[in-house]
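What the coordinates show
So you can see what is in the structure, the chains are spelled out below.
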Amino acid sequence: MGRLTPAELAGGPPLDVAVIGGGINGAAIARAAAANGLRAALFEASDYGFGTTWRSTKLIHGGLRYLEHGDVGLVFESLRERAWLLATRPYLVRPQRFLLPLLPWTRRPAWQLRMGLATYDLLALYRGVPGHRRLSEARLRELAPYLPAEARGGFSFFDARVIAPERLTWELVREARQLGAACFNHCPVAAVEAPGAQSKRWSWSTAASGCGCRRGRWSTRPGRGSTR
Ligand SMILES: Cc1cc2nc3c(=O)[nH]c(=O)nc-3n(C[C@H](O)[C@H](O)[C@H](O)COP(=O)(O)OP(=O)(O)OC[C@H]3O[C@@H](n4cnc5c(N)ncnc54)[C@H](O)[C@@H]3O)c2cc1C
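Residues numbered from 1 in each chain as written. Predicted model: local features only at pLDDT ≥ 70, side-chain atom pairs only at ≥ 80, totals over all residues.

Where we set the bar: UniProt positions are given in the numbering used here, feature names are shortened, and annotations may be inferred rather than shown by experiment.
Identification of the protein chain as FAD-dependent oxidoreductase from Tepidiforma flava is taken from an unreviewed UniProt entry. Here is the UniProt Cofactor (unreviewed entry) comment for the protein chain, exactly as written: "FAD".

Below, the structure written as structure tokens:
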């Protein structure tokens, strides 16, 4: 399906998955759907990766703070994805060190922070980034001389960062397309209709032209949708 026009897509067999929004999540979902043999299409209104993805803080993290809420499954899954990105895209995704100083107003005692960081390392299966370390007061000051004088040592731990999230998004879109997904840039979806709660049929439209599809209807603004 890689290079279909929206009209050709609509005239073909029904889709299994229609992804609306070509940010990092939409691109990854389209890629995963295509990799799993689903007939998938991705529609992006503006430009791939141009939404929150482009404006993010660029962290590829396992969600250390989710451990506070006991969301171990989510953290494990995120750390697995972090390891995959570090292994497959070392030119784009790199380890990033964080410092956790112990200050008089730090909410958690040092032993709790250490337990949390050790659990974080364990859930990562020690893949991709160095493990956490205890830092003496002198070492912390050496690494971060700008910290308040009250800092009494702390910890160092690693997550990862992506240099250009929009490029990562584009790579995922390209891979989705190679795996057979139809991907449309500059192609806003204007409406999605679900005829009834029990119905498996649904439809979406992307602005004007009204193309039909067996498992629903959708349309694109004439001349807007393109698979490039
Ligand atoms: C300030 C900030 C910083 C963040 N930093 C991080 C971080 O460092 N690490 C992290 O993991 N998460 C971070 N997040 C969370 C972040 O939102 C997600 O990680 C991620 O960028 C969201 O990607 P997305 O694909 O869901 O959304 P987006 O990147 O916003 O993509 C949504 C896309 O949908 C498109 N779209 C919208 N409507 C339509 C339509 N009708 N038809 C077709 N397309 C449409 C938009 O054009 C857009 O491109 C941050 C969030 C914020 C607000």
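More follows now that the structure is in view.
**Some points on the sheet that holds strand β1 (residues 17–20)**
Stated precisely, the cut-off is as follows: The pairing criterion for strands is at least two bridges between them, as found by DSSP. Labels follow the DSSP assignment, with helices taken as runs of H or I lasting at least four residues and strands as runs of E lasting at least two, numbered in each case from the N terminus. Geometry is summarised by axes, namely lines fitted to C-alpha atoms with helices restricted to the contacting stretch, and by angles between N-to-C directions that run from 0 to 180 degrees. Throughout, a residue-residue contact means that the two C-beta atoms, derived from backbone geometry, are no farther apart than 7 Å.
Across the sheet, 3 strands lie side by side as β1-β2-β7; this open sheet has parallel pairing. Each end of this open sheet is capped by a strand with a single partner; those strands are β1 and β7 (182–184). On average, each strand axis in the sheet is inclined to that of its neighbour by 10°, with strand direction left out of account. Sitting on the sheet, helix α2 (residues 24–35) touches β1, β2 (40–43) and β7, and the angle it makes with β2 is about 165°.

**Some words on the environment of L92**
Going by this rule: Our exposure labels follow a C-beta count within 10 Å of each residue's own C-beta, placed from the backbone: buried means 20 or more other C-beta atoms, exposed means 12 or fewer, and partly exposed covers the counts in between.
Along the chain, L92 turns up in the loop between α4 (72–88) and β4 (93–101). Classification of L92 by C-beta neighbours within 10 Å gives partly exposed; the count is 17. Each C-alpha atom of the pair L92 and P165 lies 8.6 Å from the other, and the pair is 73 residues apart in sequence. With sequence-adjacent residues up to four places away left out, L92 is seen in contact with V162, I163, A164, R167 and L168.

**Regarding the site of the ligand**
Rules: Placing the C-beta atom from the backbone, one calls a residue near a molecule or strand if that atom lies within 6 Å of it. Gly counts as polar in this scheme, as do all residues outside two lists: the nonpolar Ala, Val, Leu, Ile, Met, Phe, Trp, Tyr, Cys and Pro, and the charged Asp, Glu, Lys and Arg.
Of all residues adjacent to the ligand, which total 22 residues, the nearest are G21, G23, G51, T53 and S56. At the level of secondary structure, the elements contributing two or more residues to the shell around the ligand comprise α2 and α3 (52–55). The residue inventory of the shell around the ligand, partitioned by class, reads 8 nonpolar, 11 polar and 3 charged.

**Some points on helix α7 (residues 165–178)**
In an α-helix there are 3.6 residues to a turn, and that puts residues three or four apart on one side. The test is simple: To estimate the expected span of a helix, subtract one from its residue number and multiply by 1.5 Å. The directions from the helix axis to the C-beta atoms form the arc being described.
Spanning 14 residues, α7 covers 20 Å between terminal C-alpha atoms, matching the ideal 20 Å at 1.5 Å per step. Residues P165, E166, L168, T169, L172, V173 and A176 constitute the buried set of α7. The buried residues of α7 occupy one face: seen down the axis, they fall within an arc of 155°. Looking one or two residues past α7, G180 carries a phi angle of roughly 115°, positive in sign.

**Quick notes on the nonpolar core**
Note the threshold: Think of a nonpolar core as buried Ala, Val, Leu, Ile, Met, Phe, Trp, Tyr and Cys residues, each tied to the set through C-beta atoms within 7 Å. Note that domain bounds follow an automatic or database assignment of domains.
A30, A40, A41, L42, A176 and A181 are the most contacted members of the largest nonpolar core, which has 30 residues in total. Among the secondary structure elements, those contributing two or more residues to this core are α1 (6–11), β1, α2, β2, β6 (154–162), α7 and β7. A domain-level breakdown of this core finds at least three residues from each of domain 1 (6–54 + 166–218) and domain 2 (59–161). Each residue touching A40, except ones within four places of it in the same chain, is listed here: L15, D16, V17, V19, A30, A33, A34 and A181. With 9 residues, the next largest nonpolar core counts L64, V75, L100 and F157 among its residues.

**Re α2**
Relative to the 16 Å expected for 12 residues at 1.5 Å per residue, α2 spans 16 Å between its end C-alpha atoms, a close match to the ideal helical length. Residues of α2 that are buried make contact with β1, β2, α3, α7 and β7. G37 sits one or two positions beyond α2 and adopts a positive phi of about 80°.

**Let's talk about the packing of α2 against α7**
Packed helices, taken two at a time, are described by the angle their axes make and the gap between the axes. The line we're drawing: Note on terminology: angles under 35 degrees are roughly parallel, angles over 145 are roughly antiparallel, angles of 65 to 115 are roughly perpendicular, and the others are oblique. Should the near helix be turned anticlockwise from the far one by less than a right angle, the crossing is termed left-handed; should it be turned clockwise, right-handed.
Interhelical geometry of α2 versus α7 gives an angle of 25° and a closest axis separation of 8 Å. For the element pair α2 / α7, the angle class is roughly parallel. Crossing handedness for the pair α2 and α7: left-handed. Of the residues in α7, those in contact with I24, A27, A28, A30, R31 and A34 of α2 are P165, L168, T169, L172, V173, E175 and A176. Grouping the constituent residues of the contact of α2 with α7 by class yields 10 nonpolar, 1 polar and 2 charged.

**Topic: the pairing of β6**
As defined by bridge partners, strand β3 (residues 59–60) adjoins β6 across 2 bridges and the pair is classed as antiparallel. From the neighbouring strand, I60 faces β6, where its bridge partner is A160. One ladder, built from 9 bridges, connects β4 with β6; its direction is antiparallel. If you follow V93 over to β6, its bridge partner there is V162.

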